[in-house]
Amino acid sequence: MSTVIASGTAVEGQLMIHVTEQGSELRILPTAFGEVKPSQRLHLGSQDLVRVAEFAEKHEGATLTRIETVDLALQPFFKHETEQHSRELVRIFHDYDGREVCSALQDDFYFVTIVGISLTLAGGQAVAHLRREGLITTTAAADTTSLMDRAWRELRLA
């Protein structure tokens, strides 16, 4: 296994991404002042995930394809409900923008928490799934690491 320290800095330290040997799983590690804090867990909220999706589409040529949802207690919905929520939230995202998705979470989808997003990266050949805890599964580790480094710096995620 290897650890990649991306070149950007976040509010509390460097963006650190752990890459498995297979190169298909990445994890953003929580840091404080440049030191990894393994006892802490990264928590990207619903709005953070929507902002990453918006950044990826606007600046990286990616396409949001799925939004993973759970209820407010972080319990899963039935599969058909999850699929319906995803379709509707992705439609809102593409028809309007990320702010409308966040507004929908306060209104029609008040009972939903976003815990993950799926992106098709530029060119359509690679896929990346970003989860709330900073876990990323991807078919293109280098491209996804690059995207997350730029998003981390631009959006000031921490």
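Predicted, not measured: the structure shown is a model, and the values here were computed from it.

A. View of the nonpolar core. Core analysis: the biggest nonpolar cluster contains 36 residues, and Leu64, Leu89, Ile117, Leu119, Leu121 and Leu130 have the highest contact counts within it. Looking at this core, the elements that each hand over two or more residues are helix 1 (46-60), strand 6 (63-71), helix 2 (79-95), helix 3 (98-106), strand 7 (112-120), strand 8 (127-131) and helix 4 (141-155). Among the elements that take part in this core, helix 1 stands out by supplying 6 residues, more than any other. In this structure, leucine 89 is in contact with Ile67, Thr69, Val101, Ala104, Phe109 and Val112, ignoring residues within four places of it in sequence.

B. Geometry of the packing of aromatic side chains. The full count for this structure, using the stated rule, is 3 aromatic pairs. Look at phenylalanine 77 and phenylalanine 111: their rings are 6.1 Å apart centre to centre, the planes differ by 90 degrees, and that puts the pair in the edge-to-face class. With phenylalanine 77 in the loop between strand 6 and helix 2 and phenylalanine 111 in the loop between helix 3 and strand 7, this pair connects stretches of sequence that are 34 residues apart. Using a relative accessible area of 18% as the deciding quantity, one classes phenylalanine 77 as buried. Geometrically, the ring pair formed by tyrosine 110 and phenylalanine 111 is edge-to-face, given 5.3 Å between the ring centres and 85 degrees between the ring planes.

C. Up close: helix 1. With 15 residues, helix 1 extends 20 Å from end C-alpha to end C-alpha; this agrees with the ideal 21 Å at 1.5 Å per step. Buried within helix 1 we find Ser46, Leu49, Val50, Val52, Ala53, Glu54, Phe55, Ala56 and Glu60. On its buried face, helix 1 sits against strand 6, helix 2, helix 3, strand 7, strand 8 and helix 4. Looking at the residues trailing helix 1, positive phi occurs at glycine 61, about 75 degrees.

D. Seen up close, the packing of helix 1 against helix 3. Relative orientation of the contacting elements helix 1 and helix 3 amounts to 160 degrees, with a least axis distance of 9 Å. Between helix 1 and helix 3, the angle is such that the two are roughly antiparallel. The crossing of helix 1 and helix 3 is right-handed. In contact with Ser46, Gln47, Val50 and Glu54 of helix 1, helix 3 contributes Gly98, Arg99, Val101, Cys102 and Leu105. Residues of the contact of helix 1 with helix 3, tallied by class, amount to 4 nonpolar, 3 polar and 2 charged.

What counts, and where the lines are drawn
- Residues numbered from 1 in each chain as written.
- Predicted model: local features only at pLDDT ≥ 70, side-chain atom pairs only at ≥ 80, totals over all residues.
- Heavy atoms only, no water.
- Core = buried A, V, L, I, M, F, W, Y, C linked by side-chain atoms within 4.5 Å.
- Buried < 20%, exposed > 50% of the residue type's maximum accessible area, 1.4 Å probe, protein only.
- Helix = DSSP H or I, 4+ residues; strand = E, 2+ residues; numbered from the N terminus.
- Contact = heavy atoms within 4.5 Å.
- Phe/Tyr/Trp six-rings, centres within 6.5 Å; stacked < 30°, edge-to-face > 60°.
- Expected span 1.5 Å × (residues − 1).
- Axes fitted to C-alpha atoms, helices over the stretch in contact; angles between N-to-C directions.
- Parallel < 35°, antiparallel > 145°, perpendicular 65-115°, else oblique.
- Left-handed = near helix turned anticlockwise from the far one by under 90°.
- Nonpolar A, V, L, I, M, F, W, Y, C, P; charged D, E, K, R; others polar.

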